[in-house]
Amino acid sequence: MNAEVAIIKTAAETALAQAFSQARGRLPGDGAIAARRAAAFDVFAKTGLPHRRIEDWKYTDLRALMREAKPLAAPPDAAAKARAKTAGALLGDVETRRLVFVDGAFVAELSDVAALEPGLSVGSLAEALSNGDPTLTAHLGKLAPASDAAVALNTALMGDGAVIRIAARSTIERPIHLLFVASAKPAATFVRSLVVVEEGARAMLIESHEGPAGSDYQVNAALEIFVGDEAHVDHVKIIGEGSDALHVSTLAAAIGARARFNAFTFTAGGAVVRNQLFLKFDGEDTVAGIRGATLIKGRQHADTTLVADHAARGCQSREMFKTVLDGEAHGVFQGRIIVRPHAQKTDAKMMTRALLLSERAEADNKPELEIFADDVQCGHGATAGALDDDLKFYLMARGIPQPEAEALLIRAFVGEAIDGIEHAGLREALMDAVAAWLEAR
Amino acid sequence: MPLLEIKNLHVEIDGKEILKGLDLTVNAGEVHAIMGPNGSGKSTLAYVLAGKADYTPTAGEVRFDGKNIFDMAPDERAAAGLFLAFQYPLEIPGVATMTFLRTALNAQRKKRGQAELSTPEFLKKVREVSGKLDIEQEMLRRAVNVGFSGGEKKRNEILQMTLLEPRLAVLDETDSGLDIDALRIVSEGVNRLRSKERAFVVITHYQRLLDYIVPDVVHVLSKGRVVKTGGKDLALELEARGYAEYQEEVPA
């Protein structure tokens, strides 16, 4: 302990160490899990909160942005659960199977766990940890990079989350919605979920995060997805946190052969957001679409950091990220495509575009290709700029007032990314969310 | 009162004077052709009427229906009944043609205090007009002008004009890039709209278009001014003799 204290410096780091030492005895899991937690906390303690001199966190200096660490959230009371009933409104009338987490804890009475489709099993992480669920112990922590500070903290402090298994060749028609709601208390939650989709199975997973405006709560969420051979998985994450929230989330996926995998992140909420995606193409001939749309304003900061690791031959990935920035917002996109020596015939194309609606907004783009195979097609492109004046004039010359003309062009801009979502209802719900954002501009 | 009255209009782009004292009066019911060599200021006139930024009027006035148009934003001019058919219609990826048409039509109606069209009313109207202009329904399902040929873009401009029913339509080289069949379709589209209440300013380099859209008045524009005005025969004269003599007339 003394060694840790000597290295940990900031108030937030000290508070995290205290939170861990106080909570470690009551966090779920047996001795083996407790040992994993301790090892993970050691990883964090050695480096502390990531800062701008850590290359992967260059534009999101968490040491500066996270002035304090909030206490771990207490189990939600009746009032918090009651308020959570209205959550998830952004999805409109998209039919989903909801698994609701309030302040990071699974709430069975708000969730829809009855009449599960054949092949689907769902449960809470806290329960699975306590019961020593073999699926969990076999898979947990295999995909999320242990050296990443956010992942390390998550592993050390994970309280609850979802554990989902989809048996081979089953098709789950109804999207599964992991709905994370923060209550009014400014607390910290560490949620960890695990999804195992076995070979040939098909499912759609929606993960949404929301909470009240004006509360500076903190969320650290991590999700690991195993996509089996020939499986088809769609993942959509909606970051709709309250205006003062700090949100760090990680998606780590390993994708088997001849699979289809689509991931989409929609970011509109939160004061500071870091969205990390670590995707590994483990089997050949898989097709993936990795997309995102971010709309931020005021002094919001949103960072999307993607690593797409092609470790098998013949995979195709398309990455497209669109960011709209107003006010003094700061958008970051870091995208790295790795093609391993044996991953011949890889076809990867990454495009990132930022649309600046204000002269004070800032967009940082850092695309990287690391290619170690010689027979590949890879490329990336990045643009940042304002709305096209000529297009705006054309629309206005037809009688469309300036705000509406801008709204049409902005919708078209993010629409190109949202169009990649296969679920029509969800596409509509997200376009409605874009329209609502534009209304509030 | 004339529908459009331009007096001594001077316009600069990037500090360079392009229009140098242009006068033009257009009454309702009339079709005026504006002809002239390249660089005479024809497109500048079109853009300044529609309200394009960076086209800065430095002197003179333009009244549309008695109102000073320089007090009006481009969308306000459009809602007041001014329409510009662009020489180079823009492609707008991601904006569906039908959404664009409907947003434009309803925005204008709203500004004029008229009720918005219902979806069936709107669809019926578009179907009628597009049929006459030989525009496939499939084209309307695409994004605005994206993947359209040059001729399709021009027909799309006429479609917009027909739906928006302006009081004054300015056609900026609508004939450029059109083959003879497309030229006929576009011209018929314009002629169908001719009426006592509506006026047209047809900007063209060639006389050919004026065989189809027969003007009441022809103006020759050179070096930023109207240097000659006459009847429709003036166009034939220009076709035969070229613009050389007009370029000589006005000292630079």
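About the cut-offs
Residues numbered from 1 in each chain as written. Chains lettered and ligands numbered in written order. Predicted model: local features only at pLDDT ≥ 70, side-chain atom pairs only at ≥ 80, totals over all residues. Helix = DSSP H or I, 4+ residues; strand = E, 2+ residues; numbered from the N terminus. Rg over C-alpha atoms; globule rule 2.2 N^0.38 Å. Buried ≥ 20, exposed ≤ 12 C-beta atoms within 10 Å, placed from the backbone. Contact = placed C-beta atoms within 7 Å. Pairing = 2+ DSSP bridges. Axes fitted to C-alpha atoms, helices over the stretch in contact; angles between N-to-C directions. Core = buried A, V, L, I, M, F, W, Y, C linked by C-beta atoms within 7 Å. Domains from an automatic or database assignment. Parallel < 35°, antiparallel > 145°, perpendicular 65-115°, else oblique. Left-handed = near helix turned anticlockwise from the far one by under 90°. Nonpolar A, V, L, I, M, F, W, Y, C, P; charged D, E, K, R; others polar.

### Considerations on the overall build of chain B
Then step 1. Scanning chain B for helices and strands turns up 10 helices and 12 strands.
Then step 2. Computed over C-alpha atoms, the radius of gyration of chain B comes to 18 Å, within 12% of the 18 Å expected from 2.2 N^0.38 for 252 residues, which places it in the range of a compact globule.
Then step 3. Considered along the principal axes of its C-alpha atoms, chain B spans approximately 55 × 40 × 35 Å.
Then step 4. Scored against the burial criterion, the 252 residues of chain B give a buried share of 44%.
Then step 5. A fraction of 72% describes how many contacts in chain B between residues 6 or more apart in sequence connect residues 24 or more apart.

### Quick notes on the environment of His-380 of chain A
All names here are of chain A.
Then step 1. Relative to the assigned elements, His-380 resides in strand β19 (residues 377–385).
Then step 2. Expressed as a C-alpha distance, the spacing of His-380 and Met-350, which sit 30 residues apart in the sequence, is 4.5 Å.
Then step 3. Ignoring any residue separated from it by four or fewer positions in sequence, one finds His-380 in contact with Met-350, Pro-367 and Leu-369.

### Looking at the sheet that holds strand β8 (residues 218–227) of chain A
All names here are of chain A.
Then step 1. Sheet architecture is open: 9 strands sit in the order β3-β4-β6-β8-β10-β12-β14-β16-β18, paired in mixed fashion. The open sheet terminates on both sides in strands that have one partner only, identified here as β3 (120–124) and β18 (362–371). Within the sheet, the average angular offset between the axes of one strand and its neighbour, ignoring direction, is 5°.
Then step 2. With 5 bridges joining them, β3 and strand β4 (residues 162–166) adopt antiparallel strand pairing. Following the sheet pairing, Leu-120 is matched in β4 by Ile-166.
Then step 3. Contacting β6 (188–197), β8, β10 (246–255) and β12 (272–281), helix α8 (residues 149–157) crosses the sheet at an angle of about 95° to β8.

### What to know about the nonpolar core
Then step 1. Ranked by internal contacts, the top residues of the largest apolar core, which has 219 residues, are Phe-101, Val-197, Val-227 and Ala-253 of chain A together with Val-170 of chain B.
Then step 2. Considering each element in turn, this core owes the most residues, 8 residues, to helix α10 (residues 402–418) of chain A.
Then step 3. Taken together, domain 1 (77–387) and domain 2 (388–441) of chain A each give at least three residues to this core, which thus spans both.
Then step 4. Aside from chain neighbours lying at most four places away, what touches Phe-101 of chain A is Phe-106, Val-107, Asp-160, Leu-179, Phe-180, Val-181 and Val-191 of chain A.

### Details of the packing of helix α3 (residues 97–111) of chain B against helix α6 (residues 150–164) of chain B
Residues and elements named next belong to chain B.
Then step 1. For the pair α3 and α6, the least separation of the axes is 10 Å and the interaxial angle reads 30°. On the basis of their axis angle, the class for α3 and α6 is roughly parallel. As for the relative orientation of α3 and α6, their crossing is right-handed in sense. Facing Leu-101, Ala-104, Leu-105 and Gln-108 of α3, the residues of α6 in contact are Gln-160, Leu-163 and Leu-164.
Then step 2. When the residues that make up the contact of α3 with α6 are grouped by side-chain class, the tally is 5 nonpolar, 2 polar and no charged.

### Observations concerning the domain arrangement of chain A
Residues and elements named next belong to chain A.
Then step 1. In terms of domain boundaries, chain A breaks down into domain 1 (77–387) and domain 2 (388–441).
Then step 2. The C-alpha centroid of domain 2 is placed 24 Å from the C-alpha centroid of domain 1.
Then step 3. In this assembly, 25 residues from domain 1 lie in contact with 23 residues from domain 2.
Then step 4. Considering every element that reaches the side of domain 1 that touches domain 2, the biggest residue donor is strand β13 (residues 287–296), with 5 residues.
Then step 5. Of the residues contributing to the side of domain 1 that touches domain 2, the split by class is 16 nonpolar, 4 polar and 5 charged.

### A word on the interface of chain A and chain B
Then step 1. In this complex, chain A contributes 18 residues to the contact, which on the side of chain B involves 21 residues.
Then step 2. The set of elements that each furnish at least two residues to the side of chain A that touches chain B consists of α9 (389–396) and α10 of chain A.
Then step 3. Per-element accounting of the side of chain A that touches chain B gives the leading share, 7 residues, to α10 of chain A.
Then step 4. A per-class count over the side of chain A that touches chain B returns 10 nonpolar, 3 polar and 5 charged.

### Observations concerning α9 of chain A
Then step 1. Along α9 of chain A, 6 of the 8 residues are buried, which leaves the element largely enclosed by surrounding structure.
Then step 2. Taken residue by residue, α9 of chain A has Leu-391, Lys-392, Phe-393, Tyr-394, Leu-395 and Met-396 of chain A as its buried positions.
Then step 3. Where the residues of α9 of chain A are buried, they touch α10 of chain A together with α2 (74–79) and β7 (92–96) of chain B.

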